[in-house]
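Fold and contact review
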Amino acid sequence: MATMNPSAGLATVQREIETACRDAGRDPAGVTLVAISKTFDAEAIAPVIGAGQRVFGENRVQEAKAKWPALMARQSGIALHLVGPLQSNKVRDAVALFDAIHSLDRDSLAAALAKEIARQSRRPTLFVEINTGAEPQKSGVKPQDADAFIAACRARHGLVIAGLMCIPPFDEAPAPHFALTGEIARRNGLALLSMGMSADFKIAIAFGSTHVRVGTAIFGARGTT
Ligand SMILES: *Cc1c(COP(=O)(O)O)cnc(C)c1O
């Protein structure tokens, strides 16, 4: 798996996204592929940039900071998304580097983001992460707390919330989790849905996903991290 050709993986995923959109009666332009390049080095990422991919996702601020500035210096127009948990002490770096943050899940982080957004005059697209499975070990806002949290982000912190993100429990059918996330987004007037990974992005597209986060199906299997 790790020796697979990432640009071939990219082409396959692009085709599958188009097919899933056609099956769902959706315009493929409404689905952004976020290529999740965590754990892969510049050498593995460069051919995917060469094949035309411009939106990438990472799950760690430090790792992204170490590898992306050089890649971005060689290719303009790259958008970087943070899809992993964000610690408050990394917010300054995150706002400086990322164009979107998918893991807003607590009041202290909302406050820290609001402060840095004002300080840096940068406005990353913000997704609130919903812990749809209410899994205790997982980050994200519980579904029953989502409306109040989104309202507080807006009213108390003045943040523009663009959408929601979810990671369904590993051992459950993802569809009900995607449906629930879609419902919460609709009733809060949120247009964007970050849903779907390598194993389930086609299902996520059927449930209205606008951002699919696909790593393994493009880059191959990761080491254990
Ligand atoms: C790693 C990761 C992905 C990509 O997962 P794959 O199964 O490799 O496609 C998507 N979303 C998040 C939050 C991740 O951490």
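Description of the structure in this document.

Rules behind the numbers
Residues numbered from 1 in each chain as written. Predicted model: local features only at pLDDT ≥ 70, side-chain atom pairs only at ≥ 80, totals over all residues. Heavy atoms only, no water. Helix = DSSP H or I, 4+ residues; strand = E, 2+ residues; numbered from the N terminus. Rg over C-alpha atoms; globule rule 2.2 N^0.38 Å. Buried < 20%, exposed > 50% of the residue type's maximum accessible area, 1.4 Å probe, protein only. Areas by Shrake-Rupley, 256 points an atom, 1.4 Å probe, with all protein chains shown as cover. Lys, Arg positive; Asp, Glu negative; His and termini not counted. Charge placed at Lys NZ, Arg CZ, Asp CG, Glu CD. Polar contact = N/O pair within 3.5 Å; in protein donor to acceptor, adjacent residues only side chain to side chain. Core = buried A, V, L, I, M, F, W, Y, C linked by side-chain atoms within 4.5 Å. Contact = heavy atoms within 4.5 Å. Axes fitted to C-alpha atoms, helices over the stretch in contact; angles between N-to-C directions. Parallel < 35°, antiparallel > 145°, perpendicular 65-115°, else oblique. Left-handed = near helix turned anticlockwise from the far one by under 90°. Nonpolar A, V, L, I, M, F, W, Y, C, P; charged D, E, K, R; others polar. Expected span 1.5 Å × (residues − 1). Arc of directions from axis to C-beta. Near = heavy atom within 4 Å. Salt bridge = Lys/Arg side-chain N within 4 Å of Asp/Glu carboxyl O.

Here we look at the overall build of the chain
In terms of regular secondary structure, the chain is built from 9 helices and 8 strands. A globule of 225 residues ought to have a C-alpha radius of gyration of about 17 Å, and the chain, at 17 Å, matches this closely. Reported as C-alpha extents along the three principal axes, the dimensions of the chain are approximately 45 × 40 × 35 Å. Across the 225 residues that make up the chain, the buried fraction comes to 49%. Total accessible area computed for the chain in this model is approximately 10300 Å², and 53% of it derives from carbon and sulfur atoms. If the 25 positive side-chain charges of the chain are averaged to one point and the 21 negative ones to another, these points end up 5 Å apart.

What to know about the environment of His-211
Tracing the sequence through the fold places His-211 in strand S8 (residues 211-214). Residues His-211 and Ser-194, 17 residues apart in the sequence, show an inter-C-alpha distance of 4.5 Å. In terms of polar contacts, His-211 uses its side chain to reach the side chain of Thr-210, at 2.8 Å.

Quick notes on the nonpolar core
Among the nonpolar cores identified, the biggest contains 60 residues, and Phe-56, Leu-104 and Leu-113 are the most heavily contacted of them. Considering each element in turn, this core owes the most residues, 6 residues, to helix H5 (residues 107-120). Those residues in contact with Leu-104 that sit more than four places away from it in its chain are Leu-109, Ala-110, Leu-113, Leu-126, Phe-127, Val-128, Glu-129, Phe-149, Cys-153, Leu-159 and Ile-161. By size, the runner-up hydrophobic cluster in this structure holds 5 residues, among which are Ile-36, Val-55, Ala-79 and Val-83.

With respect to the packing of helix H1 (residues 6-24) against helix H2 (residues 42-50)
Contact geometry of H1 with H2 gives a least axis separation of 8 Å together with a crossing angle of 45°. With respect to their mutual orientation, H1 and H2 come out oblique. Crossing angle aside, the handedness with which H1 passes H2 is right-handed. Residues Pro-6, Ser-7 and Leu-10 of H1 touch H2, and the partners they reach there are Ala-44, Pro-47 and Val-48. Of the residues assigned to the contact of H1 with H2, the class counts are 5 nonpolar, 1 polar and no charged.

Regarding helix H7 (residues 175-187)
For H7, with 13 residues, the first-to-last C-alpha span of 19 Å sits near the 18 Å given by 1.5 Å per residue. Listed in full, the buried residues belonging to H7 are His-177, Phe-178, Thr-181, Gly-182, Ile-184 and Ala-185. The buried residues of H7 all sit within an arc of 165° when viewed along its axis, so they share a single face. Pointing more than 90 degrees away from the buried face of H7 are the exposed residues Pro-176 and Arg-186. On the buried face of H7, the contacting elements are strand S5 (125-130), helix H6 (146-155), strand S6 (161-166), strand S7 (192-194) and helix H8 (201-206).

Description of the packing of H2 against helix H3 (residues 61-74)
Contact geometry for H2 and H3: axes closest at 11 Å, N-to-C directions at 35°. The hand of the H2/H3 crossing is right-handed. Contacts between H2 and H3 involve Ala-42, Ile-45, Ala-46 and Ile-49 on the former and, on the latter, Lys-67, Trp-68, Leu-71 and Arg-74. Taken together, the residues of the contact of H2 with H3 sort by class into 6 nonpolar, no polar and 2 charged.

Some thoughts on the site of the ligand
What surrounds the ligand is the set Ile-36, Lys-38, Val-83, Ile-167, Met-197, Ser-198, Arg-213, Val-214, Gly-215, Thr-216 and Arg-222. For the ligand, an oxygen atom lies 2.5 Å from a polar atom in the side chain of Ser-198. Within the side chain of Thr-216, one N or O atom sits 2.5 Å away from an oxygen atom of the ligand. Protein chains bury 89% of the 390 Å² of accessible surface belonging to the ligand in isolation. Among the residues forming the shell around the ligand, the class breakdown is 5 nonpolar, 3 polar and 3 charged.

Comments concerning the pattern of salt bridges
Taken as a whole and judged by the stated rule, the model has 11 salt bridges. Note that Glu-58 is salt-bridged to Lys-67, the shortest N-O span being 3.0 Å. Judged by its relative accessible area of 0%, Glu-58 is buried. For Lys-67, a relative accessible area of 12% puts it in the buried group. Residue Asp-99 is joined to Arg-122 by a salt bridge in which the shortest nitrogen-to-oxygen separation is 3.8 Å. Of this pair, Asp-99 sits in the loop between helix H4 (91-97) and strand S4 (100-104) while Arg-122 is found in the loop between H5 and S5, placing the two residues 23 residues apart along the sequence.

Take it as geometry only, folks, not as evidence of what the structure does.
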